[in-house]
Each structure stands twice: as C-alpha cells, then as structure tokens.
There are 4 protein chains.
Amino acid sequence: MIRILVTGGTFDKTYDEIRGVLSFRETHLPQMLQLGRSRVDVSIQPLMMMDSLDMTDAHRARIVRGCAECAESRIVVTHGTDTMVDTAAAIAGASRQDAVLASKTVVLTGAMIPYAFGSSDGLFNLGSALSFAQVLPRGVYIAMNGQHFEWDKVRKNRDAGVFEPL
Amino acid sequence: MIRILVTGGTFDKTYDEIRGVLSFRETHLPQMLQLGRSRVDVSIQPLMMMDSLDMTDAHRARIVRGCAECAESRIVVTHGTDTMVDTAAAIAGASRQDAVLASKTVVLTGAMIPYAFGSSDGLFNLGSALSFAQVLPRGVYIAMNGQHFEWDKVRKNRDAGVFEPL
Amino acid sequence: MIRILVTGGTFDKTYDEIRGVLSFRETHLPQMLQLGRSRVDVSIQPLMMMDSLDMTDAHRARIVRGCAECAESRIVVTHGTDTMVDTAAAIAGASRQDAVLASKTVVLTGAMIPYAFGSSDGLFNLGSALSFAQVLPRGVYIAMNGQHFEWDKVRKNRDAGVFEPL
Amino acid sequence: MIRILVTGGTFDKTYDEIRGVLSFRETHLPQMLQLGRSRVDVSIQPLMMMDSLDMTDAHRARIVRGCAECAESRIVVTHGTDTMVDTAAAIAGASRQDAVLASKTVVLTGAMIPYAFGSSDGLFNLGSALSFAQVLPRGVYIAMNGQHFEWDKVRKNRDAGVFEPL
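Along every chain, residues carry numbers that run from 1 in the direction the sequence is written. Naming scheme: in the order in which they are written, chains are lettered from A and ligands are numbered from 1. Since the coordinates come from a predicted model, pLDDT governs what is reported: local features require at least 70, and pairs of side-chain atoms require 80 or more to be given and counted, while whole-chain, interface and lining totals use all residues. Water and hydrogen atoms play no part in the side-chain values, which are based on all heavy atoms of the structure.

### Here we look at the relation of the copies chain B and chain A
Inference 1: Copies overlap after least-squares fitting; the atoms used are the C-alpha atoms of residues with pLDDT of at least 70 in both. The operation relating chain B to chain A is a screw motion whose rotation component is 180°, with 0.0 Å of axial translation and a residual RMSD of 0.0 Å. The superposition operator between the copies reduces to a two-fold rotation axis.
Inference 2: In this analysis, two residues are considered to be in contact whenever any of their non-hydrogen atoms come within 4.5 Å of each other. A shared binding surface is used by both copies, with 100% of the interface residues of chain B retained as interface residues in chain A.

Written as structure tokens, this is what we have:
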C-alpha cells in the first residue's frame, strides 16, 4: 500500500471563477486516480494546500512527520515544484536520525500545469511517481518529466521549467 | 534510452469525423510525451496501427522481432488491451531461445479510453510504463492501472475492464 | 422558455470502454449547459438516442410530434448530422397542416465530434443553436458551423463534413 | 462578414508554466473557431490583451474606435466580464453622435473560465455571440450565459458570477 501525502502545488491549483484568480480548493488526487483507472492500493492524506514558495520550515517539518509517522513504507508526496528539492532534502536529513523513516521509499512529484487545465502533465507525473514508489529501494527521490532523481542529485531549472541532474 | 514500439490499440484510436467511426491515423505518442513534459530519452517506432483483436501470429512475430532487434535494452510496447497478455507471452516465449532478448526489460501498456478523448487513462499509463521500464530487471511485464505484472501472472478481466493478478 | 428535444447523434456518442466501441448512454445536454454556464430557461426532453442514419419515418414522426405537442414555441433539436436535413424537412412538411407547429421556431443542431471527446464542436453549436432559437422568427432551421440555414436551403457536404447553402 | 475585436479577458488568459501565474499571450480565437468548425466569415483584430479591471478610458476609446472604423456592420467584442457593461455603455454613448456606429450591431462576450482550461464556458459563449451578432438588429448587446441583453438592461452579479437583467 502507498501513502499519498498531498501538499498542494500546481498539481492542485484551480481557477476561482468568481475572483478570477488561481487558488486551492480540494485536492484533485481522487479524480486523477479514477481517471487513470488506478488500482494501486493508496491512502490519500491532505497535509496542506499551498504554493511551495510559501512553505516555511514548520510546513516542511509537518511533511517530514507525515512521512515518518504513517504506517506505509512507500510514500508519494505531491508538492509544488519550486521548493520540491528543499523538502526532499528535509526528509532525507531527518532520515539520518530516524531508522524507520530511513527504511522508507519517498517519491516527491508535482506538475508544471494545473490538473484542472485540460493540458496538464500531472496525470503523467502521477502515473510515473506511483510506479517509481513501488519499485525503487529505500531513499528520497524526485519524479518529474518521466525521470527519477535521488534527492541530492537534482535541481529545478526554473528558466526551462524542467528538472535536471546536478 | 528507451525504445517505444507502437502497435495501435485504444491508446491511439481517433474519431474520424467524416465517417463517424473510430479509426487509426498517426500515433499520439509524440504529443503525449510533450504533454507530459517527458525528458526521458526515447526512440518511437510505429510497427502497426491496429486493434489487438485483429492481430495474427504474424503481427506478434513482428513485435517480437522489434523487441529483439532494437539496440535498446529497455522497451515500452503500446498495445490494445484485449490481447496484450498474448503478445507478452509471445515475447517471453521467444526470449527462451534468444539470449539478447532475454536480457531486456519489456513493458507493455495500453489504455481503456482513447487518448484523443479528454478523459483518457493513457497519459497515466504511459508515465507508469516508462517509469517501470527504467527500473524493473530483465523480463516481460504488463503495466496497467498503475500496477505492473509479470507476463504470466496477469489476465485482463474483460467484464470490469481492468488487469488483475492470476 | 426553450424546449430541447434530444435524439442522439454524434453530440451524445460516448466511448464504451468495456466493449471498445462508440455507443449511447445518457444525454450530455445537462452537463454541456452547466459547462456553458447557461442561464437560458430550458426543458430537456430525450426522445431517442440514436445514430441519425438509423432513423426511420416512425422516428421522424415522433420528433415532429415532440415539436408540435410541447408547450414551448421555441425548440432546439439535437440530431445526428447525416439526416438532419431530412428531419428538418419532415417538421416543415407537417407545419403546412398544423398552424400551431407552423407558428414555432425550430432549430436543429448537432456535432461532428462527440462532446465526450475533449475537442468537440458540440458546445459551440449548442451555444449557437440556443441563441438562434431565441431570436429567429417562426420556421425550421439548421444551425451548424456558427451559421443558420432555412431547412430547404442547406445540405450536408459529407466529404468536407460541413453544412453549406443550396 | 463579422469583425471580432479581441481585448483579452478571462477568455484569453493562459497559464504561464515558468512563472506559475495566469497571463496573456496570443489570442485563442482562431483555434476556438477551428474547434467549433465555424464557417462564419470573420476578421479577427486583436486590440489589446488585458484584464478588464485594468482598462482605462483610453482603452475604451480605442475599442469604440475599433467598432466605428471597421468596415463590418456586425461586430463581436471579446472582453473581460468585470467591466464589460462599462465598455458596452461607452460604445452605446458614442453611437449617439456617430450615425455609422449607431447603425451597427455590436455584441460583447467573454468567459468565466479561461479557454485554455479544459472546462471553459468560452466556446459556448463564442457560438452564442457570433449567432446573436448575425441576427440582432442595430444596437449594443451583451451575450453571456446563452442569453443576450441590451447594454443598459444588464449587470454582472459578481457574487454569483453571472449576468442578470436590471
């Protein structure tokens, strides 16, 4: 079984038609899994719904705790792309002093285009992240653009909008 | 690098608006990879564009040859779901007498809903299959519904429209 | 108030993922009107769900009756494109002996691509037909491709997939 | 022939995936008309690409000029919904001193959801506005939610996100 920790990010941005701005409401994860006809046994846990640029250390501590405390040993974290690498580093850092957390496989993923748009990369990334989470050995990874990276061997190229190896 | 062998299937069915029927034209794989912002190094090779119910032994032999002869050792085959298991068995059978083929990782995938429809599972499955193909050891697999199965441990449940373990 | 008579056609074709074919289930009209944020006062009446190539005189008689008997004087008929002109002629023919029917504005419309596909012309045509139905004088019309035609001054060009003036 | 004056608004908002915000690039009008299989003879003229909340009197003067100076007597203006009524009033006001402008049919329309999202009301509204523009007599109108209103008999209900009669 896989735990999916939801933190928001572009993945879950939606268009507020009354105010004319992007905002967060409920997560789209259940309908994305339904659209993908997923039969992976998952447990979805929304932790927060926010832009990753607004995340503080306290938010990251909550994500780390979510990874450490859940019963599952395989975890997908949906996350804004801008600070995804920072959160991955925080989880990996905490793993050094937490043998249980260190034994888990944690895969962070996100999207460049909101799922609520017709043309999102979110469904592709979700299929990819769920698959990597099932087969990769213990460790903290980022799954974007169909690829996976160990947490300390990747950076987001903000000009190109892609993740690339360090 | 991953070789993608295209054989058609629901993945690539499109709506012929002049005749009002489902048909095949060109593969949607390139635009699906673009939509997914994929940065996986792939080589797309269309072998045939057909409904898998119409496949003969000759078609399957051609797919086996495509897997055996390509330079890549990691392969994704897009395929209709109805006889996907049969083709997987044909590839696995040929592997017994072909050491090179036996050393490869072959992942078959498909879709229940055409990609050209707005609500396809195809993008999810493609992200999943490409990911499994990068990390699974040698063997022939089916990647559907976010899961992966060894070729001889799966069947399509036609009533439910899902793949399930034997 | 506008009566919407639903007869099927490409408008309402959907993809049967278990059998892998196009089929009819329930009409998409309510969700199309919701998507369009329509505030037009309508009453939706499904008469049949069929390909217009399969329509017989009996089916057309039922559509004529639906137009004649409803309380509304402004009517939109959703219809397959292949025999839309024939049904329009049947309604116009019946109008000659039915003063009530002759006093009504009837607009037939349809789609070249099923609404269930992401890229349908259906929503455009529905917005167009509902608008023409509100302002055109009594008569029987076809609204397709953003245009409107009197029933006896139009034909479907099947090679091009468009409606054009006679 | 119909002139389409493009001014931006939610209709044409797009998602900037590098910066993660809504922005304007080129108008989607040509691809919307293509999606709708429109065969209406139109001439598309982008005047500005902006949020209607940012429009000044100078912008409105430019739209009035665009309506007055074009050769066509039937005009559709795509416009943000928040100040659509103000611009309609500006055009109607200028008509009092411009006999040519007063002889034209001008229909303003917009969208609550960006077309670039999969679930926009834009295509419905465009089909509606183009249709009203072909058949309504001289005057300045707003076409939203499948309805049409004379410019001085409508207001936007910002809480509900709909246009309603005064």
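### Examining the packing of helix α2 (residues 57-69) of chain A against helix α3 (residues 84-95) of chain A
Residue and element names in this part refer to chain A.
Inference 1: Whenever a helix is involved, its axis is fitted only over the stretch in contact; in every case the axis is a line through C-alpha atoms, and angles between N-to-C directions fall within 0 to 180 degrees. Helix numbers and strand numbers start at the N terminus; a helix is a DSSP run of H or I with at least 4 residues, a strand a run of E with at least 2. Relative to each other, α2 and α3 sit at 55°, their axes nearing to 9 Å. Comparing the axis directions of α2 and α3 gives the class oblique. Pair α2 / α3 crosses with right-handed handedness. Only D86, T87, A90, I91 and A94 of α3 make contact with α2, whose side of the interface consists of R60, I63, V64 and C67.
Inference 2: Here the residues of the contact of α2 with α3 sort into six nonpolar, one polar and two charged. Under this scheme an angle from 65 to 115 degrees is roughly perpendicular, one under 35 degrees roughly parallel, and one over 145 degrees roughly antiparallel; angles in between are oblique. With the far helix as reference, a near helix turned anticlockwise by less than a right angle produces a left-handed crossing, and one turned clockwise produces a right-handed crossing. Gly is put with the polar residues, along with every residue not named as nonpolar or charged; the nonpolar set is Ala, Val, Leu, Ile, Met, Phe, Trp, Tyr, Cys and Pro, and the charged set is Asp, Glu, Lys and Arg.

### Focus: the packing of aromatic side chains
Inference 1: Pairing of aromatic rings covers Phe, Tyr and Trp, the last counted by its six-membered ring, and requires centre-to-centre distances within 6.5 Å; plane angles under 30 degrees mean stacked, over 60 mean edge-to-face, and any other angle means tilted. Scanning the entire structure with this criterion turns up six aromatic pairs over all chains.
Inference 2: Judged by centre distance (5.5 Å) and plane angle (55°), the ring pair of F117 of chain A and Y15 of chain D falls under tilted. Of this pair, F117 of chain A sits in the loop between β6 (105-109) and α5 (122-135) while Y15 of chain D sits in strand β2 (residues 13-16), placing the two residues on different chains.
Inference 3: Judged by relative accessible area, which is 4%, F117 of chain A ranks as buried.
Inference 4: Within the aromatic cluster, the residues linked to one another by ring pairs are Y15 and F117 of chain A together with Y15 and F117 of chain D. Note on classification: 1.4 Å probe, protein chains only; a residue is buried when its accessible area is under 20% of the maximum for its type, exposed when over 50%, partly exposed between these limits.

### What to know about the side chain of E164 of chain D
Residues and elements named next belong to chain D.
Inference 1: When you line up the elements, E164 lands in strand β10 (residues 162-165).
Inference 2: Of the polar contacts made by the side chain of E164, one reaches the side chain of R155; its length is 2.7 Å.
Inference 3: What qualifies as a polar contact is a pair of N or O atoms within 3.5 Å, subject to a donor-acceptor requirement within protein and to the restriction that residues adjacent in sequence count only when both atoms come from side chains. Only 3.3 Å separates the side chain of E164 from the side chain of N157, close enough to count as a polar contact.

### Concerning the confidence of the model for chain A
Inference 1: The pLDDT averaged across chain A works out to 96; a share of 100% of its residues lies at or above 70.
Inference 2: Quick note on the complex model: pTM equals 0.94, ipTM equals 0.97. Residue-level confidence of the predictor is what pLDDT reports, using numbers from 0 through 100.

### With respect to the sheet that holds strand β6 (residues 105-109) of chain B
Residues and elements named next belong to chain B.
Inference 1: Two strands qualify as a pair provided that DSSP identifies no fewer than 2 bridges between them. Here we have six strands laid out as an open sheet, ordered β4-β1-β5-β6-β7-β8, and mixed in their pairing. The open sheet has two edge strands with one neighbour each: β4 (42-50) and β8 (147-150). Averaged over all neighbouring strand pairs, the angle between strand axes comes to 20°, with direction disregarded.
Inference 2: One ladder, built from five bridges, connects strand β1 (residues 2-8) with strand β5 (residues 74-78); its direction is parallel. The partner of I4 across the bridge, within β5, is V76.
Inference 3: Taken strand by strand, helix α5 (residues 122-135) contacts β1, β4, β5, β6, β7 (139-144) and β8, and its axis lies near 155° from that of β5.

### Observations regarding the interface of chain B and chain A
Inference 1: Between chain B and chain A, the contact holds 31 residues from the first and 31 residues from the second.
Inference 2: With both chains or domains summed, chain B and chain A bury close to 2400 Å², and 65% of this area falls on carbon and sulfur atoms.
Inference 3: Accessible-area loss on putting two parts together, using a 1.4 Å probe and summing over both, is the definition of buried area adopted here. It is R37, R39 and F124 of chain B that lose the most area in chain B upon contact with chain A, and together they represent 29% of the buried surface on that side.
Inference 4: Elements with a minimum of two residues in the side of chain B that touches chain A: α1 (29-35), α5, β8 and β10 (162-165) of chain B.
Inference 5: Its residues placed into classes, the side of chain B that touches chain A shows 14 nonpolar, 13 polar and four charged.

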